[in-house]
Amino acid sequence: MNIFDAIKTRRAVKHFDANHFLTKEEESQLLALAQLSPTAFNIQNWRLLLVKDPTIRQQIREVSWGQAQITDASLLIIICADLKAWEKQPERYWEKAPQAVKDFMVPAIGGYYSGKEEVQRDEAMRSCGLVAQNLMLSAQGLGYESCPMDGFDFEQVGKIINLPKDHIISMFVVIGKGTQPARERGGVLPIEEVVKTDRF
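Residues numbered from 1 in each chain as written. Predicted model: local features only at pLDDT ≥ 70, side-chain atom pairs only at ≥ 80, totals over all residues. Heavy atoms only, no water.

1. Some details on the nonpolar core
Soluble globular proteins: nonpolar side chains tend toward being buried together. Where we set the bar: In these notes, a set of buried Ala, Val, Leu, Ile, Met, Phe, Trp, Tyr and Cys residues joined through side-chain atoms within 4.5 Å is what counts as a nonpolar core. Using a 1.4 Å probe on the protein chains alone, a residue whose accessible area is under 20% of its type maximum counts as buried, one over 50% counts as exposed, and one in between counts as partly exposed. Helix and strand labels come from DSSP, where a helix needs a run of H or I of at least four residues and a strand needs a run of E of at least two; each type is numbered from the N terminus. Working rule for contacts: check all heavy atoms of both residues, and any pair within 4.5 Å makes them a contact.
Of all hydrophobic cores here, the largest spans 21 residues; its most connected members are I79, V173 and I175. Of all the secondary-structure elements, those providing two or more residues to this core are α2 (24-34), β2 (75-82), α6 (117-141) and β4 (167-176). Ranked by the residues each element gives to this core, the list is headed by α6, at seven residues. If we skip the residues at most four places from it in the chain, I79 touches R47, L48, C128, V131, A132, L135, I168, I169, S170, M171 and V173. One finds V51, I70, F152 and F172 within the second-largest nonpolar core, a separate group that totals 17 residues.

Encoded structure:
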C-alpha cells in the first residue's frame with residue numbers, strides 16, 4: 001500500500017475477528033518494521049510485549065473497561081519503555097558507526113540523560129509514540145486494522161505483566177482483521193488552527 005494511502009485509511013478500529021491470526025511471517029514483518037522507528041541517540045528504548053496467553057489477555061481486559069479488542073484482536077502489543085536503556089551498555093547503539101562518531105555519541109548519551117528523570121520519561125514517551133505509529137501504518141500496509149489504546153489501569157496491567165521497575169507502559173496497540181468499519185472521522189480541525197509559522 002502507498003504510504004499516503006496508509007495514512008489516510010488508518011483508523012482506530014474497535015471490532016476484530018477473534019478467530020483470525022496473523023501468520024508468523026506477517027508478525028515478523030510488523031516487528032521488523034517497528035524496530036526501524038527512530039529514537040534519540042539510537043537507544044531503542046521501546047519494549048514491545050506481545051500478549052498471546054488467553055488467560056493473561058482476559059485479565060488485562062478486566063482492567064481495561066472490558067474492551068473487547070483486548071481479547072479479540074490478533075495481536076495485543078503493550079508498548080513499554082526501558083527508562084534506563086540509555087545507561088545499559090550504550091556502546092551497543094553505535095557499534096557499527098565510525099570510531100569518531102562512537103567517541104562523540106556514546107559519552108553524549110550519559111550527558112543527556114544522567115540525573116534527568118523527567119527527560120528520561122519524556123523521551124521514552126516520544127519513542128513509544130513513534131514505534132506505535134510504525135506498527136499501525138505497517139499493519140495498514142498489510143491489510144489489517146489497528147487501534148491505539150490507553151483506556152486501562154496502568155498499575156494493574158503492570159502487575160499482570162510483571163513490568164520491571166525501570167520500565168513504564170505507554171499504550172497498547174491492537175492489530176487484527178476488523179469486522180466492522182470504523183466510524184466516520186469525528187472532525188478535523190482547520191489547518192490554520194493547528195499549523196503556525198515562526199511564532200504563535
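Right, picking up where we left off after that structure.
2. Focus on the packing of aromatic side chains
Note the threshold: Only Phe, Tyr and Trp rings are paired, with Trp represented by its six-membered ring, and only when their centres lie within 6.5 Å; those with planes under 30 degrees apart are stacked, over 60 edge-to-face, the remainder tilted.
Under the defined criterion, the tally for this structure stands at six aromatic pairs. On the basis of an interplanar angle of 50° and a centroid distance of 5.1 Å, the ring pair of F41 and Y112 is categorised as tilted. Taken together, the positions of F41 in the loop between α2 and β1 (46-50) and Y112 in helix α5 (residues 99-113) put the pair 71 residues apart, joining distant regions of the chain. Ring geometry for W86 against Y113: centres 6.1 Å apart, planes inclined by 25°, an arrangement best described as stacked. One end of the pair, W86, is in the loop between β2 and α5; the other, Y113, is in helix α5, with 27 residues separating them in the sequence. On the basis of relative accessible area, Y113 is assigned to the buried category, the value being 1%. By way of ring pairs, the aromatic residues F41, W86, Y112 and Y113 are connected into one cluster.

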